[in-house]
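Coordinates in review
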Amino acid sequence: MSPRKLEPGKLVVASHNKGKIREINELLQPYGFDVVSAGELDLPEPEETGLTFEANASLKAQAAAKASGFPSLADDSGFCVAKLDGDPGIYSARWAGPDKDFAMAMRTVEEKLQSAGATTDADRRGSFVAVLCLAWPDGHEEYFRGEVEGLVVWPPRGTQGFGYDPVFQPDGHERTFGEMTSEEKHGWGKDTPALSHRSRAFEKFAAGCLEGH
Ligand SMILES: O=c1nc[nH]c2c1ncn2[C@H]1C[C@H](O)[C@@H](COP(=O)(O)OP(=O)(O)OP(=O)(O)O)O1
Ligand SMILES: [Mg+2]
């Protein structure tokens, strides 16, 4: 079945992460929604008890749609390192602790790679995953997944972006996400395909739900 279309109007971005909200706002920009974030609406941050990106994206989107009465778009995402069996994965935010200390979280990844005996680039494969869930107040929901593969680098490079961006260099690029402008990270530009996990998931969301906007 084809996805339900999203009508123009108010759209809640069901996230409390400033970096993520900024990127989603940029991606939504061409479509003219009246965008408001969960924080601006004082919506609570639901506990992410799910065991998959899909489950946690749904928890966040459904909670926001029910509380606000408007369609709500959530993003559950993470940094997955093959040599660490996919960790930190759905626990990516939690590895940064209550202070959201991503310098520490990136160091933890590197220490675990060292402990696991990583020596070559082949041992340092990583990816970002994003699952967008769009939920309506009546409970209907749609999912869109995006992934980007690359190398886990050390030391961190760059000060742009957020989270684990400074230690991720996408395949085919010489710079980390932390060294890219937001436009480059999205993959915007002349004849360039979507690059980031979020931008790739968004492309599917736009094709499925925003057709005709
Ligand atoms: O493009 C990215 N560049 C760098 N790091 C990223 C990215 N995308 C996700 N990440 C990492 C950090 C983030 O904290 C965690 C997601 O955890 P996740 O629970 O989905 O988001 P969150 O708790 O930060 O905000 P919220 O749940 O309110 O949307 O993965
Ligand atoms: Mg979260």
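Remember, it's a predicted structure, so these values are computed and weren't measured experimentally. (Residues numbered from 1 in each chain as written. Chains lettered and ligands numbered in written order. Predicted model: local features only at pLDDT ≥ 70, side-chain atom pairs only at ≥ 80, totals over all residues. Heavy atoms only, no water.)

1. Remarks on the site of ligand 1
Test applied: Note on terminology: near, applied to a residue and a molecule or strand, indicates that one of the residue's heavy atoms is within 4 Å of it. Nitrogen and oxygen atoms within 3.5 Å of one another constitute a polar contact, given that in protein one can donate a hydrogen and the other can accept it, and given that sequence-neighbouring residues count only through two side-chain atoms. Working definition of accessibility: Shrake-Rupley area with a 1.4 Å probe, residue cover restricted to the visible protein chains. To qualify as a helix, a DSSP run of H or I must reach at least 4 residues; to qualify as a strand, a run of E must reach at least 2; elements of each kind are numbered from the N terminus. Note that Gly is not counted as nonpolar here; it falls among the polar residues with everything else outside the nonpolar set of Ala, Val, Leu, Ile, Met, Phe, Trp, Tyr, Cys and Pro and the charged set of Asp, Glu, Lys and Arg.
As a structural note, the neighbourhood of ligand 1 is formed by 21 residues, with Ser15, His16, Lys20, Asp165 and Lys185 the closest of them. Contacts to ligand 1 include Ser77, whose backbone N or O atom sits 3.0 Å from an oxygen atom. In the model, a nitrogen atom of ligand 1 is placed 2.6 Å from a nitrogen or oxygen of the Asp165 side chain. In isolation ligand 1 offers 590 Å² of accessible surface; the protein chains occlude 95% of this area. Those elements giving two or more residues to the shell around ligand 1 turn out to be strand S3 (72-81) and helix H5 (197-209). For the shell around ligand 1, the element with the most residues is S3, which contributes four residues. Tallied by class, the residues present in the shell around ligand 1 amount to five nonpolar, eight polar and eight charged.

2. Topic: the pairing of strand S2 (residues 34-37)
What counts here: Only strands joined by at least two bridges in the DSSP assignment are considered to pair. Crossovers are marked right-handed if the path from the first strand over the helix to the second runs clockwise, as seen with the strands pointing away from the viewer.
Both strand S1 (residues 10-13) and S2 contribute to a ladder of four bridges, which runs parallel. Paired with Val13 across the two strands is Ser37, which belongs to S2. Note that the unit made of S1, helix H1 (residues 18-28) and S2 has a crossover that is right-handed.

3. Here's the deal with helix H2 (residues 53-68)
Spelled out, the test is: Here the expected length of a helix is defined as 1.5 Å per residue gap, with one fewer gap than residues. We call a residue buried when its accessible area falls under 20% of the maximum for its residue type, exposed when it is over 50%, and partly exposed in between, using a 1.4 Å probe and counting protein chains only. Contacts were defined at the residue level, with two residues in contact if any of their heavy atoms lie within 4.5 Å.
With 16 residues, H2 should reach 22 Å at 1.5 Å per residue; the first-to-last C-alpha distance of 22 Å fits that figure. Within H2 the residues assigned to the buried category are Phe53, Asn56, Ala57, Ser58, Lys60, Ala61, Gln62, Ala64, Ala65 and Ser68. Lining the buried residues of H2 we find S1, H1, S3, strand S4 (125-135) and strand S5 (141-152). Taken from the residues just after H2, Gly69 is the one with a positive phi, measuring 80°.

4. Some words on the UniProt feature "binding site: Mg(2+)" (unreviewed entry) in the protein
The line we're drawing: UniProt positions are given in the numbering used here, feature names are shortened, and annotations may be inferred rather than shown by experiment.
Taking the numbering used here, the UniProt-annotated feature "binding site: Mg(2+)" (unreviewed entry) corresponds to Glu47 and Asp76. Annotated residues spanning 30 residues; largest pairwise C-alpha distance 12.3 Å, indicating a single compact cluster. With respect to the helices and strands, the residue Glu47 is situated in the loop between S2 and H2. Mapped onto the fold, Asp76 is located in strand S3. In this view, Asp76 contacts Lys20, Glu48, Thr52, Phe53, Asn56, Ala57, Lys60, Val129, Ala130 and Val131; residues no more than four positions away in its chain are not counted.

5. Considering helix H3 (residues 102-115)
Note the following rule: What the arc measures is the spread of directions leading from the helix axis to the C-beta atoms.
Under the 1.5 Å per step criterion, the end-to-end length of H3 is 20 Å for 14 residues, consistent within 8% with the ideal 20 Å. Every buried residue belonging to H3 is among Phe102, Ala105, Met106, Val109, Glu110 and Leu113, and all of these are buried. An end-on view of H3 places all buried positions within 140° of arc, on one side of the element. Looking at the buried residues of H3, the elements they touch are S3 and S5. With a side-chain oxygen positioned 3.2 Å from the backbone nitrogen of Ala103, the residue opening H3 is Asp101. At the C-terminal side of H3, Gly117 shows a positive phi close to 80°.

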